[in-house]
Amino acid sequence: MTLYYRDDTVQVTSESIRAGGHAVRIADVTYVWHARGATTLAVRGRVLGRGVLVLLLSLPPLVALVCVVSLAWSAQDRGNWKLALVILAGCAVGALALTPFLEVPLSWLDRSYERGNRVHELWVQHHGQEMMLVRTPDALRFGQIYRAVQRAVEHQGEHR
C-alpha cells in the first residue's frame, strides 16, 4: 500500500480515500473531478483581510512620498537644502532599519494568496453515484489532496 496524502481529516492511499467519514475504494472510483463551491464567510474575510493588509502596507510609502515632495518644495522656497537633506537621510536610515519588520505582514499576505479566494470541492464517481469527498477553502491543501487522488487513481488504472 502506498500513502499519497494524509492529514487530520483526509487520507489517500493506493487502496482507498478516507475523507469526511467516508471511505471509498480506489478500485471503485470511475471518475474524479473538482468544482467550485459556494463562497463562505471565512473566504470573504480572507479576501477582506488581504485588502486591508495591502492598504496598510501601501500607506506608509505614499505618506513618505508626500512628505518628501513637501519637504523639497519648502526647502526650495527657503533655500535651506542642508536641513532637508539631513531630514531625508534620517528618514531613509529609519526606513531601512524598519524593513526587516515587514517580513511578518508580507508572510501573512503570501499565505493568504496560497490559501486562495474560493471554496474547492473534490468529487468522485463510484458505483455509479457522485460523492463529494472534500470541501475546503484552502487552495494549497486542496491541490495536494486532488493530486494525490489523481495519482492513486492513475496508479490503479495501470494495474488493472
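Read on for an overview of the structure. None of these values were measured; they are calculated from a predicted model. (Residues numbered from 1 in each chain as written. Predicted model: local features only at pLDDT ≥ 70, side-chain atom pairs only at ≥ 80, totals over all residues. Heavy atoms only, no water.)

1. Details of the layout of surface pockets
- Roughly 200 Å³ of internal volume is contained in the largest pocket.
- Around the largest pocket, the lining residues are L56, L57, P60, P61, A64, A95, L98, T99 and L102.
- Elements represented by at least two residues in the lining of the largest pocket include exactly α1 (41–78) and α2 (81–98).
- The element best represented in the lining of the largest pocket is α1, accounting for five residues.
- For the lining of the largest pocket, a count of residues per class yields eight nonpolar, one polar and no charged. (1 Å grid on protein atoms, 1.4 Å probe; cavity = no way out; pocket = protein on both sides within 12 Å on 5 of 7 lines; lining within 4 Å. Points joined across faces, edges and corners; volume = space filled by probe spheres on them. Helix = DSSP H or I, 4+ residues; strand = E, 2+ residues; numbered from the N terminus. Nonpolar A, V, L, I, M, F, W, Y, C, P; charged D, E, K, R; others polar.)

2. Overview of helix α3 (residues 103–115)
- Compared with an ideal rise of 1.5 Å per residue, which puts 13 residues at 18 Å, α3 spans 18 Å between its outermost C-alpha atoms and is within 8% of the ideal.
- Every buried residue belonging to α3 is among P105, L109 and S112, and all of these are buried. The arc enclosing the buried residues of α3, seen along the axis, measures out at 60°, which places them on a common side. Residues of α3 that are exposed and angled more than 90 degrees away from the buried face: E103 and D110.
- Those residues of α3 that are buried lie in contact with α1.
- After α3 finishes, the residue G116 shows a positive phi value of roughly 85°. (Expected span 1.5 Å × (residues − 1). Buried < 20%, exposed > 50% of the residue type's maximum accessible area, 1.4 Å probe, protein only. Arc of directions from axis to C-beta. Contact = heavy atoms within 4.5 Å.)

3. Here we look at the packing of aromatic side chains
- For the structure shown, the criterion picks out three aromatic pairs.
- Ring centres of F142 and Y146 lie 5.9 Å apart, and the angle between their planes is 15°; on these two criteria the pair is classed as stacked. On the criterion of helical spacing, the pair formed by F142 and Y146 is a turn pair, its members being four residues apart in helix α4 (residues 139–158).
- Owing to a relative accessible area of 16%, Y146 belongs among the buried residues under this scheme.
- Within the aromatic cluster, the residues linked to one another by ring pairs are Y31, W33 and W123. (Phe/Tyr/Trp six-rings, centres within 6.5 Å; stacked < 30°, edge-to-face > 60°.)

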